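# Residue-level structure breakdown
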Amino acid sequence: MNMRVATISLAATFLAASIASAQGPAAARSPAAPTTERQMVITFDDLPAVAQVNDGVLATHERITTRLIATITENRIPVIGFVNEAKLVTDGAPDPQRIAFLRQWTDAGLELGNHGYAHLDMHTTSLDAYLADITRGDSVTRALTRDSGQRPRYFRHPFLHTGRSLDDRRRVEALLTERGYRVAPVTIDDQDWLFAAAYDYAPDSATRVRLADEYVRYMEAITAYYEQQSTALFGREIPQVLLVHANNLNADHFGRVAEMLRRRGYRFVPMAQALDDPVYASADTFTGAGGISWIHRWAITQGERGDFFAGEPPIAPWVMTLSRQQP
């Protein structure tokens with residue numbers, strides 16, 4: 001995703017409007033025996049890179065790509081990077097230098113997925129245009145993954161907007177199935193993009209150090225929140241799927257996030273392994289305006305209301321202020 005819409009920043013903001021849009025009867029919960037080991041899938045959106053300063057500049061994308069892949073490989077994380085192929089185009093044609101950034105991912109043995117060609121918002125775009133954007137969004141990715149004997153297997157909805165009606169959702173899902181995709185869910189829906197904006201706008205290195213420290217603290221708090229939400233809904237912790245972005249902040253500091261997650265007992269696993277958990281077959285009839293965690297989609301579908309969603313960690317006001325301070 002690019003910048004997430006600020007009006008859907010916290011659970012309390014969207015739940016009042018979205019609960020009313022949940023459709024269908026509450027589904028029966030299906031708790032299973034708890035696992036003894038925490039598991040997490042790490043996913044990066046907006047490949048090859050996204051930045052608030054010098055976005056689209058080759059040197060910026062090269063820096064982010066090189067540093068991020070070094071961190072991922074050093075930590076042996078089987079990540080998926082979700083691509084916006086519009087970012088690979090210069091003067092109306094595919095740019096070999098930009099495509100080379102994606103090749104760094106496949107050369108490192110990392111998986112690529114489809115994030116829509118132009119990162120269109122399903123809730124503000126015609127359905128036909130959105131479907132065409134999915135189809136257009138993987139030509140380069142398919143060629144690169146074919147070279148490594150693979151294919152793109154997962155689609156990530158931009159903005160986590162999956163449709164304002166069940167009929168629209170079904171049409172998208174039918175196209176994804178036809179093209180060999182599964183939806184890539186997100187259970188830990190954080191706001192790293194706000195921290196990344198503040199990081200890019202930071203006036204000096206001391207501020208960036210402070211931001212990085214606050215970012216790691218926030219990421220631990222948001223992880224703990226969704227652990228609790230998982231247990232409250234299913235009676236156990238599930239394999240989590242984390243969404244973060246290919247930005248300067250993560251290029252410089254995601255290693256610290258990975259270290260924090262390991263301290264919490266997480267092992268990093270491929271998406272396919274996580275989706276084998278039966279919880280990922282839970283009913284989801286959410287058609288609200290928010291781009292929200294799948295845990296909350298399942299909870300709304302199951303009839304949860306109000307206090308169930310309380311407690312999402314806030315972002316420090318000084319970070320919010322700095323994230324809006326364009327130089």
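In case you missed it, the structure is sitting above this.
Computed from a prediction, not measured in an experiment: that's the story for all the values here.

Our next topic: the pairing of strand β2 (residues 80-83). The alternating pattern of β2 places Ile-80 and Phe-82 and Gly-81 and Val-83 on opposite faces, both of which are buried. When strand β1 (residues 38-47) meets β2, the two strands line up parallel, connected through three bridges. Bridge assignment links Phe-44 to a residue of β2, and that residue is Gly-81.

With that settled, the discussion passes to the packing of aromatic side chains. In the structure shown here, the tally under the stated rule is eight aromatic pairs. Each ring, one from Phe-195 and one from Tyr-215, has its centre 5.5 Å from the other, and the planes form 50°; the classification is tilted. In this pair, Phe-195 sits in helix α7 (residues 192-201) while Tyr-215 sits in helix α8 (residues 205-234), placing the two residues 20 residues apart along the sequence. Each member of the pair, Phe-195 together with Tyr-215, is buried. Both rings, one in Phe-234 and one in Trp-298, keep their centres 5.7 Å apart while their planes meet at 75°; by these two values the pair is edge-to-face.

One simple way to see leftover space: roll a probe sized like a water molecule over the atoms. Each pocket or cavity is described by its volume, and for the largest pocket that value is around 300 Å³. Along the wall of the largest pocket there are 14 residues; nearest its centre are Glu-173, Val-183, Tyr-280, Asp-284 and Trp-294. Of all elements in the fold, only α6 (166-178), β7 (182-183) and α11 (294-301) reach the threshold of two or more residues within the lining of the largest pocket. The greatest single-element share of the lining of the largest pocket, amounting to three residues, is contributed by α6. Residue composition of the lining of the largest pocket, by class: seven nonpolar, three polar and four charged.

So, about the environment of Pro-78. Mapped onto the fold, Pro-78 is located in the loop between α2 (58-74) and β2. Between the C-alpha atom of Pro-78 and that of Ile-42, which follows or precedes it by 36 residues, the distance is 7.4 Å. Pro-78 has contacts with Phe-268, Val-269 and Pro-270, leaving out every residue within four places of it along the chain.

With that settled, the discussion passes to the nonpolar core. In terms of nonpolar packing, the biggest core is built from 81 residues, with Ile-42, Phe-44 and Trp-105 touching the most fellow members. Here this core takes 10 residues from α8, the largest share from any one element. Among all residues touching Trp-105, those that are not within four sequence positions of it are Phe-44, Leu-47, Thr-65, Leu-68, Ile-69, Ile-72, Val-79, Gly-81, Leu-110 and Leu-112.

Definitions and limits used
- Note that residues are indexed from 1 along each chain, following the sequence as it is written.
- Only residues with pLDDT of at least 70 are given local features in this predicted model, and only at 80 or more are side-chain atom pairs given and counted; all residues enter the totals for whole chains, interfaces and linings.
- Excluded from the side-chain calculation are hydrogens and water; included are all heavy atoms of the structure.
- In this scheme, a residue with accessible area under 20% of its type's maximum is buried, one over 50% is exposed, and one in between is partly exposed, where area comes from a 1.4 Å probe on protein chains only.
- Going along the chain from the N terminus, every DSSP run of H or I of four or more residues is numbered as a helix, and every run of E of two or more is numbered as a strand.
- Here a strand pair is declared whenever DSSP counts at least two bridges between the two strands.
- Classification of ring pairs rests on two measures: the distance between centres of Phe, Tyr or Trp rings, Trp counted by its six-membered ring, which must be within 6.5 Å, and the angle between planes, read as stacked under 30 degrees, edge-to-face over 60 and tilted in between.
- We place a 1 Å grid over just the protein atoms. Points where a 1.4 Å probe fits but has no way out form a cavity, open points with protein on both sides within 12 Å along at least 5 of 7 lines form a pocket, and any residue with an atom within 4 Å of a point lines it.
- Grid points are joined across faces, edges and corners, and a volume is the space filled by probe spheres set on the points.
- Any residue outside Ala, Val, Leu, Ile, Met, Phe, Trp, Tyr, Cys, Pro, Asp, Glu, Lys and Arg is labelled polar, Gly included; the first ten of those are nonpolar and the last four are charged.
- Note on contacts: a residue pair qualifies if any of its non-hydrogen atoms lie within 4.5 Å across the two residues.
- Grouping buried Ala, Val, Leu, Ile, Met, Phe, Trp, Tyr and Cys residues that are joined through side-chain atoms within 4.5 Å yields what is termed a nonpolar core.

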